Amino acid sequence: MRITVLTVPDCPNAPVVEERITAALAGRAAEVERVEVREEAEATRWGMTGSPTVMLDGVDPFAVAGAAPSVSCRIYRDAGQVDAAPSVAALRTALAEAGFAEAAEENCCTTDLLDPIGRGGRGRVAPAERGLRAVHQAVLRHFATAGRAPEAGLLEPVAAAAGRTAEDVLAELARDDFLTLDETGQVRAAYPFSAVPTPHRVRIDSGAEVFSMCAVDALGTTAMLGQDTVVSSTDPVTGEPVTVTSTDGTTVWDPDSAVVFVGRRAFSGPAETVCCDALNFFTSHASATTWSQQHPDVPGDIISHARAEELGRQTFGPLLTPAAPDSPHGP
């Protein structure tokens, strides 16, 4: 597929949409080209109705009936929200509808090597633009210190620094599955943390205790926070406890025979519904095999201590890394 980004010179939203395209592609090959359009005649020839305009094989999937060719800024509307570029979710849907179906399958737990990083190698690091990363990191830090999700009001000063409301930023983060919200708009989960009880509890060296969304999420907490942790979970087959203690870079599993099953369901959607309850600790390879046989709708792999810890580090280690000071998009 050929993806063309039509922009006016120095359009501040061109790199934003390119970053989101990369996230929607999730590492899959596609030709992405930026074309600068300076004159109305060029806009007419290209079919550009504002900057930026995304073309998939020459077709604008976000075209609005009656919109005239233009070299002005373009506004996108998605689920009642106004944005200067299509969201990652909207781009993913457009790619799928244009025949690039693989892009619609990207989420936190893809079946290739059961890699929970996804997002074109960016993992779960929210974009730095529009206050997304700042609010996301504020949510994670509150979980880590208080053991629970922050009220939206506590996030208002962070969102205001980007000229937005906490409600708007949280809604955008939820649309792109960096976190999930309940029916009242409060944070229900911010991977790796859960505001509601799960089988995985993490005790952080600072004193806080918090629930984690899945086994890999729990293991990633140490790398994300740079603190010692004790993960307590339960084998869903035998009911026996599994404990993983991380102290000064050394990890001890109890029992030593414990493993992690990493799987995902066949449909697309947020990680919370696709795979979070399918990434569990088991006391043994045999127990994990039993669970897998009991759940044929959840394909996956049984992985070792080292591989599970590596996935946790790769996915969650970078989440609290600050944005590069001279770049609006961060590392």
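Scroll up for the structure.
Residues numbered from 1 in each chain as written. Predicted model: local features only at pLDDT ≥ 70, side-chain atom pairs only at ≥ 80, totals over all residues. Heavy atoms only, no water.

Caption draft 1: How the structure looks around the packing of aromatic side chains. The tally for this structure, following the rule as stated, stands at 5 aromatic pairs. Look at Phe 261 and Trp 291: their rings are 5.3 Å apart centre to centre, the planes differ by 55°, and that puts the pair in the tilted class. Of this pair, Phe 261 sits in strand β16 (residues 259–263) while Trp 291 is found in helix α9 (residues 285–294), placing the two residues 30 residues apart along the sequence. Exposure class is identical for Phe 261 and Trp 291. Each is buried. (Phe/Tyr/Trp six-rings, centres within 6.5 Å; stacked < 30°, edge-to-face > 60°. Helix = DSSP H or I, 4+ residues; strand = E, 2+ residues; numbered from the N terminus. Buried < 20%, exposed > 50% of the residue type's maximum accessible area, 1.4 Å probe, protein only.)

Caption draft 2: Geometry of the sheet that holds strand β15 (residues 250–254). Across the sheet, 8 strands lie side by side as β8-β9-β10-β12-β11-β13-β14-β15; this open sheet has antiparallel pairing. Of all strands in the sheet, those bounded by a partner on one side alone are β8 (180–181) and β15. Of the strand pairs in this sheet, strand β11 (residues 200–204) and strand β12 (residues 209–212) are connected by 4 bridges, and their pairing is antiparallel. Residue pairing across strands places Arg 203 opposite Glu 209, the latter belonging to β12. Packing of helix α4 (residues 132–146) onto the sheet brings it into contact with β9 (187–190), β10 (193–194), β11 and β12, and relative to β9 it is tilted by some 90°. (Pairing = 2+ DSSP bridges. Contact = heavy atoms within 4.5 Å. Axes fitted to C-alpha atoms, helices over the stretch in contact; angles between N-to-C directions.)

Caption draft 3: View of empty space enclosed by the protein. Counted under the stated rule, the structure contains 2 cavities of 30 Å³ or more. Lining of the second largest cavity is provided by Ile 3, Ile 21, Ala 24, Val 54, Leu 56, Leu 91, Ala 94 and Leu 95. For the lining of the second largest cavity, the secondary-structure elements that each account for two or more residues are α1 (14–25), β4 (53–56) and α3 (88–97). Residues that form the lining of the second largest cavity fall into these classes: 8 nonpolar, no polar and no charged. (1 Å grid on protein atoms, 1.4 Å probe; cavity = no way out; pocket = protein on both sides within 12 Å on 5 of 7 lines; lining within 4 Å. Points joined across faces, edges and corners; volume = space filled by probe spheres on them. Nonpolar A, V, L, I, M, F, W, Y, C, P; charged D, E, K, R; others polar.)

Caption draft 4: Structural detail: the packing of α4 against helix α6 (residues 166–175). Between α4 and α6, the least distance of the axes is 10 Å, while the angle of their chain directions is 90°. As the angle between them shows, α4 and α6 are arranged roughly perpendicular. Between α4 and α6, the contacting residues are Leu 132, Val 135, His 136 and Val 139 on the first element and Val 169, Leu 170, Glu 172 and Leu 173 on the second. Partitioned by chemical class, the residues of the contact of α4 with α6 number 6 nonpolar, 1 polar and 1 charged. (Parallel < 35°, antiparallel > 145°, perpendicular 65-115°, else oblique.)

Caption draft 5: Expanded view of the sheet that holds β4. In spatial order, the strands read β2-β1-β4; together these 3 strands make up an open sheet with mixed pairing. Since the sheet does not close on itself, it has two edges, and those belong to β2 (31–36) and β4, each with one partner. Shown here is a sheet whose adjacent strand axes are inclined to one another by a mean of 20°, direction ignored. The pairing of strand β1 (residues 2–7) with β2 spans 6 bridges and is parallel. Among the inter-strand pairings, Thr 4 is bridged to a residue of β2, identified as Glu 33. Lying over the sheet, α1 contacts β1, β2 and β4, oriented at roughly 160° with respect to β1.

Caption draft 6: Region of the structure containing the pattern of salt bridges. A full pass over the atoms with the stated rule returns 11 salt bridges. Where Glu 209 meets Arg 201, a salt bridge forms, and the shortest distance between an N and an O atom there is 3.4 Å. Owing to a relative accessible area of 35%, Arg 201 belongs among the partly exposed residues under this scheme. One salt bridge connects Arg 307 with Glu 310, and the closest N-O pair in it is separated by 3.2 Å. (Salt bridge = Lys/Arg side-chain N within 4 Å of Asp/Glu carboxyl O.)

Caption draft 7: Focus on unusual backbone geometry. With omega at 0°, the peptide bond leading from Ser 51 into Pro 52 counts as cis. As for its position among the elements, Pro 52 is in the loop between β3 (49–51) and β4. The residue after Tyr 191, namely Pro 192, is reached through a cis peptide bond having omega 20°. For Pro 192, the location among the structural elements is in the loop between β9 and β10. Look at Asp 10: it is not a glycine, yet its phi comes out positive at around 60°. Positionally, Asp 10 belongs in the loop between β1 and α1. According to the relative accessible area criterion, Asp 10 is exposed, its value standing at 75%.

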